[in-house]
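The residues making up each chain are set out below.
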Amino acid sequence: SSDLPDMPKIPWAGKDNGLKLVGYPLGPEAFVRESLTKVRDDIRRELACMEHLESGIIHHHMLRMCQATRFIHHMRGLPNEYTAGIAREIDDLLWDAYKKYNLKDWDVPADPTLTQIEMEQDARTQFFTSVAGGGLGIAPNSAITHATSPTLEGPFEFKDWAVLPW
């Protein structure tokens, strides 16, 4: 009826009929992808701010405990086809930030030798290896196991709420 008041704006609802529920973007594919891209861009911005830290140990722990873990939540609840590409980009951002800050004098030239390529690959492997495994303990986003429902074929849509176990 026309005598009903307009619905108030819901502060947690996004544009394009999407919203975030417990941090997960729900809604149309464009909304989900835009939300995930924003997380990546926020990580990139935070890494740039960290360039001014004076302590390498603080820089390392910020990478390990903050930026490296920001995207994992999304990967656990959204299908791989929506998160895998951004996860690899985030891993590259983390590795580049670490190299820039902690390995300032170590650059692989534009035309590297095989030894230089292998050194870079070995260093990156150690960066993304657990502390228990002898590495620096940075969890690679690209290796996270997804825990989405096998009955869902794309990002969660509002209509999918009926099939969720709650």
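Residues numbered from 1 in each chain as written. Predicted model: local features only at pLDDT ≥ 70, side-chain atom pairs only at ≥ 80, totals over all residues. Heavy atoms only, no water.

Undergrad: Would you mind going over the pattern of salt bridges with me for this structure?
TA: If the charged atoms of two oppositely charged side chains come close together, the side chains can form a pair. Considering all chains together, one arrives at 11 salt bridges under this definition. One salt bridge connects Glu 120 with Lys 99, and the closest N-O pair in it is separated by 3.1 Å. In this pair, Glu 120 is assigned in helix H5 (residues 114–127) and Lys 99 in helix H4 (residues 80–102), connecting sequence segments 21 residues apart. One network of salt bridges, in which partners are shared, links Lys 38, Asp 42, Glu 46 and Arg 70. (Salt bridge = Lys/Arg side-chain N within 4 Å of Asp/Glu carboxyl O. Helix = DSSP H or I, 4+ residues; strand = E, 2+ residues; numbered from the N terminus.)

Undergrad: Is there a simple way to think about the side chain of Glu 120 in this case?
TA: Note on Glu 120: relative accessible area 18%, which makes it buried. Within polar-contact distance, the side chain of Glu 120 engages the side chain of Lys 99 at 3.1 Å. Those residues in contact with Glu 120, other than ones at most four positions away along the chain, are Trp 95, Lys 99, Trp 106 and Val 108. (Buried < 20%, exposed > 50% of the residue type's maximum accessible area, 1.4 Å probe, protein only. Polar contact = N/O pair within 3.5 Å; in protein donor to acceptor, adjacent residues only side chain to side chain. Contact = heavy atoms within 4.5 Å.)

Undergrad: I'm lost on the packing of aromatic side chains in this one. Help?
TA: The final tally for this structure, using the stated rule, is 4 aromatic pairs. Relative to Phe 127, the ring of Tyr 98 has its centre 4.8 Å away and its plane inclined at 40 degrees; by these criteria the two rings are tilted. Placement of the pair is Tyr 98 in helix H4 and Phe 127 in helix H5, with a sequence separation of 29 residues. By the burial criterion, Tyr 98 is buried, and Phe 127 matches it. When the centroid spacing of 4.8 Å and the interplanar angle of 80 degrees are considered together, the rings of Phe 127 and Phe 128 count as edge-to-face. Here Phe 127 and Phe 128 have matching classes, each one buried. Through pairs of rings, three or more aromatic residues link up here, namely Trp 95, Tyr 98, Phe 127 and Phe 128. (Phe/Tyr/Trp six-rings, centres within 6.5 Å; stacked < 30°, edge-to-face > 60°.)

Undergrad: Would you mind going over helix H1 (residues 29–49) with me for this structure?
TA: A turn of α-helix holds 3.6 residues, and therefore any two residues three or four places apart point the same way. With 21 residues, H1 should cover 30 Å at 1.5 Å per step; its first-to-last C-alpha distance of 31 Å lies within 8% of that length. Three or more residues of H1 are buried, namely Phe 31, Val 32, Ser 35, Leu 36, Val 39, Arg 40, Asp 42, Ile 43 and Leu 47. Elements in contact with the buried residues of H1: strand S1 (19–21), strand S2 (24–26), helix H2 (56–65), helix H3 (72–77) and H4. (Expected span 1.5 Å × (residues − 1).)

Undergrad: I keep staring at the confidence of the model for the chain and nothing clicks. Help me out?
TA: Atom-level detail of predicted coordinates should not be read off regions where pLDDT is low. Scored by pLDDT, the chain has a mean of 79; 77% of the residues are at 70 or more. Scored below 50 in pLDDT, residues 156–166 makes 20 contacts in the model with residues more than four places away or belonging to other chains. (pLDDT = per-residue confidence, 0-100.)

Undergrad: What am I meant to see in the environment of Pro 25 here?
TA: With respect to the element layout, Pro 25 can be found in strand S2. Classification of Pro 25 as buried rests on a relative accessible area of 0%. Taking the C-alpha atoms as reference, Pro 25 lies 6.4 Å from Ser 35; in sequence the two are 10 residues apart. Among all residues touching Pro 25, those that are not within four sequence positions of it are Leu 19, Lys 20, Phe 31, Val 32, Ser 35, Leu 36, His 74 and Leu 78.

Undergrad: What's the story with the packing of H1 against H4 in this structure? I'm lost.
TA: In a pair of packed helices, the angle between the axes and the distance between the axes together describe the arrangement. One can describe the packing of H1 onto H4 by two numbers: an axis separation of 10 Å at closest approach and a directional angle of 5 degrees. Here H4 runs roughly parallel to H1, going by the angle between their axes. On H4, the residues that touch Glu 29, Arg 33, Leu 36, Thr 37, Arg 40, Ile 43, Arg 44 and Leu 47 of H1 are Glu 81, Tyr 82, Thr 83, Ile 86, Glu 89, Ile 90, Leu 93, Leu 94 and Ala 97. Counted by class, the contact of H1 with H4 contains 9 nonpolar, 2 polar and 6 charged residues. (Axes fitted to C-alpha atoms, helices over the stretch in contact; angles between N-to-C directions. Parallel < 35°, antiparallel > 145°, perpendicular 65-115°, else oblique. Nonpolar A, V, L, I, M, F, W, Y, C, P; charged D, E, K, R; others polar.)

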